[in-house]
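# Geometric and topological summary
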Amino acid sequence: MPAANNHAQNHQTPTARRGFLASGLGVALFSSAVFGLSGSFAKALLETGWTPGAAVTARLTGAALILAIPAIPALRGRWHQLRDNWVTILLFGLIGVAACQLFYFNAVARLSVGVALLLEYLAPVIIVLWLWAASRKRPRALTFGGTLLSLAGLVLVLDLTGAVKVDPVGVLWGIAAAVCLAIYFFITAKENDTLPPIVLASGGLMVGAAVMWLAAATGLLPMAFTAADTKLGPWTTPWWVPLAGLVVLATVLAYVSGIMAARALGSKVASFVSLTEVLFAVIWAWLLLGELPGAVQLLGGVLIVGGVILVRLDELRAPVPPLPGAVTTTANKEARARATSPLEHANDVEPVP
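For every chain, the first residue of the written sequence is number 1, and numbering continues from 1 onward in sequence order. Only residues with pLDDT of at least 70 get local features here, since the model is predicted, and only at 80 or more are side-chain atom pairs given and counted; chain-wide, interface and lining totals rely on the full set of residues. As a rule here, side-chain values come from all non-hydrogen atoms in the structure, and water together with hydrogens is ignored.

### Quick look at the nonpolar core
Side chains that are nonpolar tend, in soluble globular proteins, to be buried together. Counted only if it meets this: Nine residue types can take part in a nonpolar core, namely buried Ala, Val, Leu, Ile, Met, Phe, Trp, Tyr and Cys, and a core is a set of them joined through side-chain atoms within 4.5 Å. Type-normalised accessible area, obtained with a 1.4 Å probe on protein chains alone, sets the label of each residue: buried when under 20%, exposed when over 50%, and partly exposed for intermediate values. By the criteria applied, helices consist of DSSP H or I runs no shorter than four residues and strands consist of E runs no shorter than two, each listed in order from the N terminus. Working rule for contacts: check all heavy atoms of both residues, and any pair within 4.5 Å makes them a contact.
Membership of the largest hydrophobic core comes to 82 residues, with the highest contact counts inside it found for Tyr-104, Leu-119 and Leu-205. In terms of residue count, the dominant contributor to this core is helix 5 (residues 86-110) (eleven residues). When sequence neighbours within four positions are dropped, the list of residues in contact with Leu-205 reads Leu-60, Ala-63, Ala-64, Leu-67, Val-97, Thr-251 and Tyr-255.

### Let's talk about the packing of helix 6 (residues 113-120) against helix 13 (residues 276-289)
Quick note on the threshold: In this description, a line fitted to the C-alpha atoms serves as the axis of each element, helices being fitted only across the stretch in contact, and the angle between N-to-C directions of two axes falls anywhere from 0 to 180 degrees. For classification purposes, angles smaller than 35 degrees are called roughly parallel, those larger than 145 roughly antiparallel, those between 65 and 115 roughly perpendicular, and all remaining angles oblique. Crossings are classed by handedness, with left-handed meaning an anticlockwise turn of the near helix from the far one by less than a right angle and right-handed meaning a clockwise turn. Note that Gly is not counted as nonpolar here; it falls among the polar residues with everything else outside the nonpolar set of Ala, Val, Leu, Ile, Met, Phe, Trp, Tyr, Cys and Pro and the charged set of Asp, Glu, Lys and Arg.
Interaxial distance between helix 6 and helix 13 falls to 8 Å at its minimum, and their mutual angle equals 160 degrees. Put simply, helix 6 runs roughly antiparallel to helix 13. The handedness of the crossing between helix 6 and helix 13 is right-handed. Note on element contacts: helix 13 touches helix 6 through Glu-277, Val-278, Ala-281, Val-282, Ala-285 and Leu-289, opposite Val-113, Gly-114, Leu-117 and Leu-118. A class-by-class count of the residues in the contact of helix 6 with helix 13 yields eight nonpolar, one polar and one charged.

### So, the pattern of salt bridges
What counts is decided by this rule: Salt bridges are identified by distance alone: a Lys or Arg side-chain nitrogen within 4 Å of an Asp or Glu carboxyl oxygen.
Evaluation of the coordinates by the stated rule reveals two salt bridges. When the shortest N-O distance is used, the salt bridge between Lys-43 and Glu-291 registers 2.7 Å. With Lys-43 in helix 2 (residues 38-46) and Glu-291 in the loop between helix 13 and helix 14 (295-316), this residue pair connects regions lying 248 residues apart in the sequence. Glu-291 matches Lys-43 in its accessibility class, with the two residues each being buried. Here Asp-167 makes a salt bridge to Arg-110, at a shortest N to O gap of 3.2 Å. Within this pair, whereas Asp-167 is found in the loop between helix 8 (141-158) and helix 9 (168-189), its partner Arg-110 is found in helix 5, the two being separated by 57 residues in sequence. Judged by its relative accessible area of 44%, Arg-110 is partly exposed.

### Things to note about helix 3 (residues 52-74)
The criterion, for reference: Between the first and last residue of a helix there are one fewer steps than residues, each counted as 1.5 Å, and that sum is the expected span. Here the bend at each residue means the angle between axes fitted to two seven-residue stretches, the one ending at that residue and the one beginning there.
Compared with the 33 Å implied by 1.5 Å per residue over 23 residues, the 32 Å span of helix 3 between its first and last C-alpha is a close match. The largest bend along helix 3 reaches roughly 40 degrees and is located at Ala-68, with the proline Pro-70 sitting one to four residues downstream.

### With respect to the environment of Ala-68
Mapped onto the fold, Ala-68 is located in helix 3. Residue Ala-68 is classed as buried on the basis of its relative accessible area, which comes to 11%. Separated by 135 residues in sequence, Ala-68 and Gly-203 place their C-alpha atoms 8.1 Å apart. In contact with Ala-68, not counting residues within four places along its chain, are Pro-73, Ser-202 and Met-206.

### Details of the packing of helix 3 against helix 5
Their axes nearest at 9 Å, the elements helix 3 and helix 5 cross at an angle of 135 degrees. With respect to each other, helix 3 and helix 5 are oriented oblique. The way helix 3 lies across helix 5 gives a crossing that is right-handed. Residues Pro-52, Gly-53, Ala-55, Val-56, Arg-59 and Leu-60 of helix 3 lie in contact with helix 5, whose contacting residues are Val-97, Ala-98, Gln-101, Leu-102, Phe-105, Asn-106 and Ala-109. Considering only residue class, the contact of helix 3 with helix 5 consists of nine nonpolar, three polar and one charged.

### Points about the environment of Leu-221
When you line up the elements, Leu-221 lands in the loop between helix 10 (197-217) and strand 1 (230-232). With 168 residues separating them along the chain, Leu-221 and Gly-53 place their C-alpha atoms 6.5 Å apart. Setting aside anything within four residues of it in sequence, one finds Leu-221 in contact with Gly-53, Leu-102, Met-212, Ala-215 and Ala-216.

### Describing the state of the cysteines
Defined as follows: When two cysteine sulfur atoms are found within 2.5 Å, that pair is recorded as a disulfide.
With the rule as written, the count across this model stands at zero disulfides. Between Cys-100, a cysteine without a disulfide, and Cys-180, which holds the nearest cysteine sulfur, the sulfur-to-sulfur distance is 5.9 Å.

### Structural notes on the side chain of Ser-32
Condition: We call two N or O atoms a polar contact when they sit within 3.5 Å, provided that within protein one can donate a hydrogen and the other can accept it, with sequence-adjacent residues counted only if both atoms are side-chain atoms.
Structurally, the position occupied by Ser-32 is in helix 1 (residues 2-35). Residue Ser-32 is classed as buried on the basis of its relative accessible area, which comes to 4%. Looking at Ser-32, its side chain comes within polar contact range of the side chain of Thr-276, at 3.2 Å. Those residues in contact with Ser-32 that lie beyond four places of it in its chain are Val-273, Ser-274, Thr-276, Glu-277 and Phe-280.

In structure tokens form, the structure reads like this:
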């Protein structure tokens, strides 16, 4: 009988795993879809007179207050985790949340949503180039090919000789957002089992919101709000509709579902699925704003995303040398960490659009 039970359990396991994987993929796609709304909702506000700083500040403040509700119970009896990880939370909030989103929204104010997001998605390529320069070790063929493919895509996205005029200042903002995203990847690449993801997200949003309000109070950041109606697709809506969508859908639900997807699929697979955010962002901008990049820019976007996919495929194939059997558990972990390429962990997180 025990043998029969074991056989039945082994027979059921693949089906259960397939169901679990399908559920995780659905959540990951939902996360990408709602993350992709951020540019459209933000641009609807910017076109009525909101400044990028005001849109980012409102987004971070509202989302931080909402996410604090589940974050506080998660810290019950473990408040020391904030003290132990304050540097990570501070850098995450300053660079990965405040600076990254501010630069992206500044790019959105001057470029189409799709082009701005494609520029931001050059972050993995920036990581490759930085590690190449720092280590003076040429990347593997697949990573090198993916980098060249993405750079070729960037040339097409800029469409320097085409009919579509690209604002150079907007391009610089988009590249600045990509640099911040690359730094964010390095900040969060180090595995940390002591800090719950919901606490990191909530803490980072709080730090980002505080920085934005401080910059506005000192006059460093222009802050302008307006109560004028906004335009979303065929509808004219009050200003709070896109703001609520930006806070609740594109931030709170996006973060929570992204965390659920990463736990269900693993952060590697979830990060692959997150590439669909570019597709969703273009579709939402088309439906809600009437924006659609030109044919050459769309081709460039395909090349950029294809290059990022090649880079991440190379990460998954990164060989880890066999370790001697006599190595202790702690030493084994340290040796595996040294044998793993920094790039393998550099992209092992969710982006923050």
